[in-house]
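Notes for the structure review
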Amino acid sequence: MIDIDFKFHAVGQGAFYSGVFKHRNGKQFSFVYDCGSHSSSQYIDQEISNFITDTNEQKIDILFISHFHSDHTNKIAELLNQKGGAKMAILPYLTPEELLLAYTDVSVSGGDPETLAFIQNPTGFLLERKVEQIIYIHPSDENNSNTNDEPNLKEPDLERILSPDFEFQISNQLVPNENIDEQNPNVLHYFDLGWFSIVGFWEFKFFNKHRDIIKFNNFISDIKLLLGISNFSFSDIANYITSNPTSFESNLNAIYSRNFGYKQLINDTSLIIYHGPLINIDREHLVDLRCFPFWRGRNTGSLLTGDIKFNQDCLNQITAKWINRKYFDNVGLFQIPHHGANNYLEPLIFASYPYVYFWVINFGLGNTHKHPRQQIIDMIERCKVRGKIFLNTQVNAFNYGCRFR
């Protein structure tokens, strides 16, 4: 028997999602997608404590990080410290220039020291906190997006999977990025192509959105003009903000809007993850599947979107890379991006996900951004093929999962 539990934790204005697989032989596998909040720390501190208790204080198997905003990352250090680290961390790759942009963005919004330290050196930050291996996911070239899409697996042997000697093991068939050599065997780079699974049993599919390099270079040029220097560093940004606390934010917002649209680029680096079963599950192997009341042997996948802008361009890119319809038709749970903010979801998206049971929105009660926006709630209700909206707040967690025998 394998018990599988997923949870959108009750952390308020932020994100902390976890999955825990427990085998009847006592072995377990756990993963986390983001850990941060801008709501009162008492909520996320309690959720971290609960997660540690539920996973028997063992190391996290995989820590996924969607993007570099503090409401998604400011409790990662504490989580790792309390868990004794993680066996693996998987996060989107940002160029040095993009890290400078992230640092600037977080600094202006009053980012905490832990998040700023993380942005300055993600690799060092994670290795110092006992992460054993780091995998960076790069956007792939769309011209090669149809390669290596399908897992090359034999039909899984459920008897072996459910046997007493079962071991949770990672199978990594992602496409390597050989353009970057870290000179560190613990730091690896891959494109968002191929597949990644737990012994052919549960699949993780990655998507990192392609960014417009021309727009980004224009942004960098505008920042250089603002600072009055030909090159800039993390310390240059920190010093300028300290010296110009009132004018910098308005100037930065104007540059942001001119090049990308307000506050969208770092959100658009969010690592999207689909996860769901690789095996063809039937009722013979099902004891219960919580929160999917109309389950018919499919739609048990989940789509985690971080804060990405899920518009037509994003849908086109992800469809070109994930050519198998199962990554759309199997989605039974869809996390609404960016806490239900306006302009991060478009009506045309819903037709591509016709079998969603739950549309989950993470936000904090009383947040100053007025998330979720009423326009987004109305859009979901108007455009969804089916399913219910679930509001995940600091007082309302969302649990779901299943049990196989």
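What comes next concerns the included structure. (Residues numbered from 1 in each chain as written. Predicted model: local features only at pLDDT ≥ 70, side-chain atom pairs only at ≥ 80, totals over all residues. Heavy atoms only, no water.)

As for the pattern of salt bridges
This is how the line gets drawn: Any Lys or Arg side-chain nitrogen located within 4 Å of an Asp or Glu carboxyl oxygen qualifies as a salt bridge. Starting at the N terminus, helices and strands are each numbered in turn, a helix being any DSSP run of H or I of at least four residues and a strand any DSSP run of E of at least two. Note on exposure labels: buried denotes an accessible area under 20% of the residue type's maximum, exposed denotes more than 50%, and partly exposed covers the range between, all computed with a 1.4 Å probe on protein chains only.
Enumeration according to the criterion identifies 16 salt bridges in this entry. Taking the shortest distance from any N to any O, the salt bridge between aspartate 61 and lysine 87 comes out at 3.3 Å. Placement of aspartate 61 in the loop between helix H1 (41-54) and strand S4 (62-64) and of lysine 87 in the loop between helix H3 (76-83) and strand S5 (89-92) is noted, with a sequence separation of 26 residues between them. Here lysine 87 falls in the partly exposed class, since its relative accessible area comes to 41%. The network of salt bridges with shared partners includes Asp45, Lys75 and Glu78.

Notes on the layout of surface pockets
Any empty space left between the atoms is revealed when a probe the size of a water molecule rolls over them. Here is the rule we go by: Buriedness for pockets is judged along seven lines, at least five of which must meet protein on both sides within 12 Å for an open set on the 1 Å grid over protein atoms alone, while cavities are sets there where a 1.4 Å probe fits but cannot get out, and lining residues have an atom within 4 Å of a point. Grid points are joined across faces, edges and corners, and a volume is the space filled by probe spheres set on the points. For this classification, Asp, Glu, Lys and Arg are treated as charged, while Ala, Val, Leu, Ile, Met, Phe, Trp, Tyr, Cys and Pro are nonpolar and the rest, including Gly, are polar.
A volume near 320 Å³ is recorded for the second largest pocket. Looking at the lining of the second largest pocket residue by residue, the classes come out as 2 nonpolar, 4 polar and 7 charged.

Thoughts on the nonpolar core
Short version of the rule: Residue types Ala, Val, Leu, Ile, Met, Phe, Trp, Tyr and Cys, when buried and joined through side-chain atoms within 4.5 Å, form a set referred to as a nonpolar core. We call two residues contacting when some pair of their heavy atoms lies within 4.5 Å.
Judged by nonpolar contacts, the single largest core of 55 residues is most densely connected at Leu63 and Leu126. In terms of residue count, helix H4 (residues 96-108) provides more of this core than any other element does, 7 residues in total. Sequence-distant contacts of leucine 126, that is, excluding residues within four places in its chain, are made with Leu63, Ile65, Leu80, Ala89, Leu91, Phe118, Val131 and Ile134. With 42 residues, the next largest nonpolar core counts Ile135, Leu162, Leu333 and Phe404 among its residues.

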